Amino acid sequence: MENIYISKIRINQTGYSDALPVTAAFLMPGPVNIRDKNGNTVKTVDIPAPSFDEASGDDVILADLGILPEGEYDLECGSETRHISVKKDPWQDVTDALIKGLYYQRCGCGLDQKYAGKFAHPACHTAKVSVWEDMSVIKSVPGGWHDAGDYGKYVGPGAVTVAHMLYAYELFGEGCSDDLNIPETGNGVPDILNEARFELEWILKMQREDGAFYHKLTKARFAPFIMPQDDLEPEYLMPVSHCATAAACACLSLAYRVYRKFDEAFADSMLKASLAAYKWLDENPDFVPFNNPEGVHTGQYGDKNLGDELFWASCELFASTGDEKYKESAEKLFADASHFTSYGWADVTGLGSICCLFDLKEKAGDILYSKLKERFIGECHKISEICERSGYDTALPADRYMWGSILPIMSNAMSIILYEKLTGDESYRKHALSQWNYALGLNALDICFVTGFGERRVMNPHHRPSGSDGIEDPVPGLISGGPNKLYNYPQTKEKLGDAPAAKCFLDELPSADTNEIAIYWNSPAIFVGAFFRLLSR
Ligand SMILES: [Zn+2]
């Protein structure tokens, strides 16, 4: 992208809401003239002088231009002009696309042209699979979503993705469209739940007879860049793991409560599986972190802590059953818990927080409501401070741009949104909106990270179907992991040199380290999108 001119005005490239303040970043001094489509100046805004932003190396100021009525505008600053659109409900398309992005990850079935258009393909990964530790055991485990740029399917990451979606639905259901043009559309169940169910049905199949969950279903090595239907090397059920079992236990218990009113039998089957998983964890207290068996080179997702998964599972089972033993377990785990605002695959304490603070509420009791609330709010204040220190109001310190930096950025937006819902204090909302704007183009790279959107968009994600289908456009509705300074491939390092953290990004297919996609990066963005859709309709 180095030859493409980057504007010194950075905007949300998918548009702005007429109900929320318009913000844009300026890499030069103001004032800013806002002109309507007839060229008339609507208002002139004096903005503070730009200042140095450590993460990007830019001299930049994020300016609040106030609320603008629906219309097309030009932002003029110095010799620069940038066009913006202000609309009612501007983020329906992108939020819908982020949910539908998961439909395109469906495995074990074909993607029909009726739903997938030019991205249709025949069924993939339908063959029976062997258990890695005993190849004579053959099972049929089709379904689930391809995890990321690869075709593996992993229980823990799948469970957190579903949880983000179910809590998005529970808290901001009206912000999720019910018309996503997926095979189940129109069946009387909201489409976000239809899509999540596709993964849940697969998670259920990943349970061993004794209640434990297989960690993952993958091949021994990642496939080359071929279409999924051409990936015919055998897949294996890799050994069971404590973390996968506890994450599945939690997610299935949550799903039980959400799906009960739509399909009681399905909901009951999930609670039964969840209880069996918990029993297995009780009977197998010696935690063994998952490591790839010898000869296996697919994603490890090797979590070294089980306490957070157990905490989440205990909270969810207390919420589903009312049985005090789960509450007692969660209270014990609370004592050593931290990161009450973490919702990623490795650290899921925050999902237990959501369960206690927004589902159980006062029923959770003094420790799991009052004390947890205090800790949660304390962490939200810290997130706000990180935003205040950033020139782009980004919720990530300069030294934390890691593989998939979009996850902490979207996670922190989730926390700020939950803070507002918990306290009624709207003063941090602007920070949550800045993270949403970041994902959609208002960032140091001037790039929209969601495929299919924005005037400067991600075109070459590390995603096998997008890289092998012969179609120029990538599969739409997938969010890129974004800049990563902490661990880079040698070839990435060579190309980026000593670029500042927030600019360590290559829109190039081989750069999994900066430009992969993942189901559990889409899902927190869905949560954030659903919230802002509710505010802008
Ligand atoms: Zn597949």
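Report on the accompanying structure. (Residues numbered from 1 in each chain as written. Predicted model: local features only at pLDDT ≥ 70, side-chain atom pairs only at ≥ 80, totals over all residues. Heavy atoms only, no water.)

## Some words on the sheet that holds strand β11 (residues 134-139)
One open sheet holds the five strands; their spatial order is β11-β10-β14-β13-β12, and the pairing between them is mixed. Two strands lie at the open edges of the sheet, namely β11 and β12 (153-154), each paired on one side alone. Pairing analysis gives two bridges linking strand β13 (residues 216-218) to strand β14 (residues 236-237), with the strands arranged antiparallel. Across the sheet, Thr-218 pairs through a bridge with Tyr-236, a residue of β14. (Pairing = 2+ DSSP bridges. Helix = DSSP H or I, 4+ residues; strand = E, 2+ residues; numbered from the N terminus.)

## Some remarks on helix α10 (residues 365-389)
Given a rise of 1.5 Å per residue, 25 residues ought to cover 36 Å, and the 36 Å separating the end C-alpha atoms of α10 matches this to within 8%. Leu-372 marks where α10 bends most, by close to 30 degrees. Listing the buried residues of α10 in full gives Leu-368, Tyr-369, Leu-372, Phe-376, Ile-377, Glu-379, Cys-380, Ile-383, Ser-384, Ile-386 and Cys-387. Those residues of α10 that are buried lie in contact with α7 (307-321), α8 (324-336), α9 (349-360), α11 (406-423) and α12 (429-439). (Expected span 1.5 Å × (residues − 1). Bend = angle between axes of the 7 residues up to and from the residue. Buried < 20%, exposed > 50% of the residue type's maximum accessible area, 1.4 Å probe, protein only. Contact = heavy atoms within 4.5 Å.)

## Re a nonpolar patch on the surface
A contiguous nonpolar patch, built from Met-402, Trp-403, Leu-486 and Tyr-487 and spanning about 390 Å² of accessible area, is present on the exposed surface. Following the sequence through the fold, Trp-403 ends up in the loop between α10 and α11. (Patch = residues over 30% accessible without salt bridge, like charges linked within 9 Å, V, L, I, M, F, W, Y side chains within 5 Å. Areas by Shrake-Rupley, 256 points an atom, 1.4 Å probe, with all protein chains shown as cover. Salt bridge = Lys/Arg side-chain N within 4 Å of Asp/Glu carboxyl O.)

## Some remarks on the packing of aromatic side chains
Throughout the structure, instances matching the rule amount to 22 aromatic pairs. Between Tyr-154 and Tyr-301, the aromatic rings sit 4.8 Å apart at their centres with planes inclined by 70 degrees, giving edge-to-face as the arrangement. Here the residue Tyr-154 occupies a position in strand β12, and Tyr-301 occupies one in the loop between α6 (264-283) and α7, the gap between them amounting to 147 residues. Per residue, the accessibility class of Tyr-154 equals that of Tyr-301, and both read buried. Ring centres of Phe-531 and Phe-532 lie 4.9 Å apart, and the angle between their planes is 70 degrees; on these two criteria the pair is classed as edge-to-face. Summarising the burial analysis for this pair, Phe-531 and Phe-532 share the class buried. Pairwise contacts between aromatic rings join Trp-91, Phe-172, Trp-436, Phe-527, Phe-531 and Phe-532 into one cluster. Lying over the aromatic face of Phe-266, Arg-197 brings its terminal NZ or CZ to 3.7 Å of the ring centre. (Phe/Tyr/Trp six-rings, centres within 6.5 Å; stacked < 30°, edge-to-face > 60°. Lys NZ or Arg CZ within 6 Å of the ring centre and 35° of its normal.)

## Concerning the sheet that holds strand β7 (residues 59-64)
Taken in spatial order, the four strands line up as β1-β3-β7-β6 in an open sheet, and their pairing is antiparallel. Since the sheet does not close on itself, it has two edges, and those belong to β1 (9-10) and β6 (51-52), each with one partner. Summarising the sheet, β1 and strand β3 (residues 23-26) pair through two bridges and their orientation is antiparallel. Paired with Ile-9 across the two strands is Phe-26, which belongs to β3.

## Some points on helix α5 (residues 242-259)
The end-to-end C-alpha separation of α5 is 25 Å, in line with the 26 Å expected for 18 residues at 1.5 Å each. Most of α5 is tucked away, with 18 of its 18 residues classed as buried.

## With respect to the pairing of β11
Pairing analysis gives three bridges linking strand β10 (residues 129-131) to β11, with the strands arranged antiparallel. Within β11, the position partnered with Val-131 by the bridge is Asp-134.

## Some remarks on the nonpolar core
Counting 176 residues, the largest nonpolar core has Phe-26, Leu-65, Leu-75, Tyr-259 and Phe-532 as its most contacted members. A total of 14 residues in this core trace back to one element, the largest contributor, which is α5. The contacts of Tyr-259, once residues within four sequence positions are left out, are Leu-166, Leu-193, Ala-196, Arg-197, Leu-200, Phe-266, Ala-267 and Met-270. (Core = buried A, V, L, I, M, F, W, Y, C linked by side-chain atoms within 4.5 Å.)

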